[in-house]
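In case you want the letters, here they are:
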Amino acid sequence: MRTVIFAAALGSLANLSAQAEPRLIATVGMIAEPARVIAGTCASVDTMMGPGIDPHLYQPSAGDVRSLFDADAILYAGHNLEGQLGEVLARLDGRKPVLAVSEAAAPVENLILPEGASYPDPHLWMDAALWSRIASPIATLMATLDPDCSTEAKNAAEDYVTELMALDAWIEASIATIPQTQRVMVTAHDAFAYYGRAYGIEVIGIQGVSTESEAGIADIRQMVDLVVDRQIPAVFIESTINPRTVEAVIAAAAERGHQVTLGGELFSDAMGAEGTVEGTYIGMLHANTVAVIMALGGTPAPLPAALHPWAERWGLSPQ
């Protein structure tokens, strides 16, 4: 009998040990995947909103709320990206570590405030150098949750920043190959302002920063005028946005004698499927940039040496 009790006690201790790994939950993949890289084996990181999910419109389920309450720490973007989820996050702040990575990463002077908006543009991840600043706060959070992992998380964060700065340089060099007159991105909604500012390409969204209200007929007509007048060769849809407004622009431009092509699908508010290269943050921006430069007449620059290991892991050529 004592043997059985002792064995049961050991089993309970083993279960406690197995549960000791901190569990983090991140609202979007652009936060979750970098957090996994930095956390390594020190924590598990779950993603609340997967591929194709629009965080602006997301309504948390009862299961989502339970997951947030059960997690050891929560990572979210902030600046109103998560919309209706904000009230739940505010209730949890103070009960457990809740980190708004965008707000921790960038001071106000680095943010873009759209005209007429009451909060900054939340799409900071479109600037790889700016987004690299989330690495240090995440590593600090990991050290708080598990001090034994402090060094591992710090080193992983530093290595990741090196990769993101290399990515930043590659995007800038690649965008620079697009002829100046064609260096214009027309997208479904205004999620690429940081990308445009960082890499020297004009970005125009049919909708505004948020997708809570749909583009109207006047917005589409105005975009058609711009596309035709400037002879823009391609426009882009987004993985989380209904393509009908972009398709309407293409059709209306054709009626006016200008053939504009669909340049491809860009990842804006969500990454690609988990387990694919586009399901990584680096892969997301790499795929977006390749789509843009190929549609607008540019040529991808060779990948910097710091990104060669990443390319090899995904079977990509560094050239």
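Structure's up top.
Let us look at the structure shown here. None of the values given here were measured: they were computed from a predicted structure.

The rules behind each value
Residues numbered from 1 in each chain as written. Predicted model: local features only at pLDDT ≥ 70, side-chain atom pairs only at ≥ 80, totals over all residues. Heavy atoms only, no water. Helix = DSSP H or I, 4+ residues; strand = E, 2+ residues; numbered from the N terminus. Expected span 1.5 Å × (residues − 1). Buried < 20%, exposed > 50% of the residue type's maximum accessible area, 1.4 Å probe, protein only. Arc of directions from axis to C-beta. Contact = heavy atoms within 4.5 Å. Core = buried A, V, L, I, M, F, W, Y, C linked by side-chain atoms within 4.5 Å. Disulfide = S-S within 2.5 Å.

What to know about helix 10 (residues 217-229)
Right, on to step 1. In this model helix 10 runs 18 Å from its N-terminal to its C-terminal C-alpha over 13 residues, within 8% of the 18 Å that 1.5 Å per residue would give.
Right, on to step 2. Within helix 10 the residues assigned to the buried category are I220, M223, V224, V227 and V228. Seen from one end, helix 10 has its buried residues packed into an arc of 130 degrees, which puts them on one side. In helix 10, the exposed residues that point more than 90 degrees away from the buried face are A218, R221, Q222 and D229.
Right, on to step 3. Next to the buried residues of helix 10 lie strand 5 (184-189), strand 6 (202-207), strand 7 (234-238) and helix 11 (244-255).

A look at the environment of G205
Right, on to step 1. Structurally, G205 is set in strand 6.
Right, on to step 2. A relative accessible area of 19% means that G205 is categorised as buried.
Right, on to step 3. In sequence terms G205 and E82 are 123 residues apart; their C-alpha atoms lie 20 Å from each other.
Right, on to step 4. Those residues in contact with G205, other than ones at most four positions away along the chain, are T187, A188, H189, D190 and M223.

Description of the nonpolar core
Nonpolar side chains in soluble globular proteins tend to end up buried together.
Right, on to step 1. L75, W131, L167, I175, Y195, Y281 and V292 are the most contacted members of the largest nonpolar core, which has 86 residues in total.
Right, on to step 2. Take this core: its biggest share by element is nine residues, from helix 8 (residues 150-175).
Right, on to step 3. Here Y195 is in contact with M126, I171, I175, M185, G200, I201 and T289, once residues within four sequence places are set aside.
Right, on to step 4. Within the second largest apolar cluster, 19 residues are counted, among which are V186, I220, I237 and V260.

Here we look at the state of the cysteines
Right, on to step 1. Taken as a whole and judged by the stated rule, the model has one disulfide.
Right, on to step 2. Here C42 connects covalently by a disulfide to C149, the sulfurs 2.0 Å from one another. The sign of the -95 degrees torsion about the S-S bond sets the C42-C149 disulfide as left-handed. On the criterion of sequence distance, the pair formed by C42 in the loop between helix 2 (29-39) and strand 2 (44-49) and C149 in the loop between helix 7 (135-145) and helix 8 is long-range, its members being 107 residues apart. As far as the burial class goes, C42 and C149 line up, both buried.

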